[in-house]
Structure formats: C-alpha cells, structure tokens
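Here is how the chains run, residue by residue.
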Amino acid sequence: MKQRKIPLRKCVACQQMMPKKELIRVVKTPADEMLIDLTGKKAGRGAYLCGKLSCFKLAKKSRALDRALKQPVSPEIYDALEQDFIKVEDEFIAGKEAAVDDEE
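Residues numbered from 1 in each chain as written. Predicted model: local features only at pLDDT ≥ 70, side-chain atom pairs only at ≥ 80, totals over all residues. Heavy atoms only, no water.

Named according to an unreviewed UniProt entry, the chain is Nucleic-acid-binding protein originating from Paenibacillus rigui.

Visitor: Can you walk me through the pairing of strand β4 (residues 34–37) in this structure?
Guide: For a regular strand, side chains alternate in direction, first toward one face of the sheet and then toward the other. Going residue by residue along β4, you find Met-34 and Ile-36 tucked away on one face and Leu-35 and Asp-37 tucked away on the opposite face as well. Note: strand β3 (residues 23–28) against β4, four bridges, orientation antiparallel. Each bridged residue has a counterpart across the sheet, and for Val-27 the counterpart in β4 is Leu-35. Here β3 folds back onto β4, and the loop between the two strands holds five residues, one of which, Asp-32, carries a positive phi near 65 degrees. (Buried < 20%, exposed > 50% of the residue type's maximum accessible area, 1.4 Å probe, protein only. Helix = DSSP H or I, 4+ residues; strand = E, 2+ residues; numbered from the N terminus. Pairing = 2+ DSSP bridges.)

Visitor: Please explain unusual backbone geometry as it appears in this structure.
Guide: If a residue is not glycine, its phi is most likely negative; likewise, a peptide bond is most likely trans. Even without glycine at this site, Gln-15 takes up a positive phi of about 60 degrees. By the secondary structure assignment, Gln-15 is in the loop between β1 (8–10) and β2 (17–19). Take Gln-15: its relative accessible area is 45%, and that puts it in the partly exposed class. If you check the backbone angles, Lys-70 has positive phi at about 55 degrees while not being a glycine. Relative to the assigned elements, Lys-70 resides in the loop between α2 (64–69) and α3 (75–103).

Written out as structure tokens, the structure is:
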C-alpha cells in the first residue's frame, strides 16, 4: 500500500518545517478574533508555531504573527495568546507524546 504524504508547515518564528500535527495553529477567525486552534480545522487564516514558549516569545518580539495573519495584532492580544499558549502547551505536548506511542 502506498504511504500517505504527511503535510508540512513552517513555524512563523523559527522558520523550521515540521509535520502539521507537531505545530500549534493560531487562527484569525472571520469575526476578527485571534485564538489557538488545536484541532487545526477552525475557519479563518492560520499561522503555525512550534509547541515551545520560546518560539511564541520570538514570534511576539519579531511580530511574525502580524505578517502571517496579514493584520496587526495588538499587544493585549499577544498577552492573551501567551496565557492561552502556556495553558495549551502541556496539553499539546501530552497529545504529541500519545501520538508517538500509538505509532510504535
């Protein structure tokens, strides 16, 4: 059987190409709200970040999300996203480890 192609995406902060499932998606919805999308299926323009807080801080410093989402992101939204990112980071890492265990 032919092996399926794994979709790759680039982290907007460190510019590293990784499988889509190993990245966290930040989405700007059609209602102009910014949020973290762990499912990867919410409607809107998305930007991908590594699951590391250091990558988020780099994206905040370089304003990478502004460019990727094609809209200025206010400091308040960055702060709110950072709090969400910290909450989601542990959940994301646990989910990633579970996926690795399933493959073995």
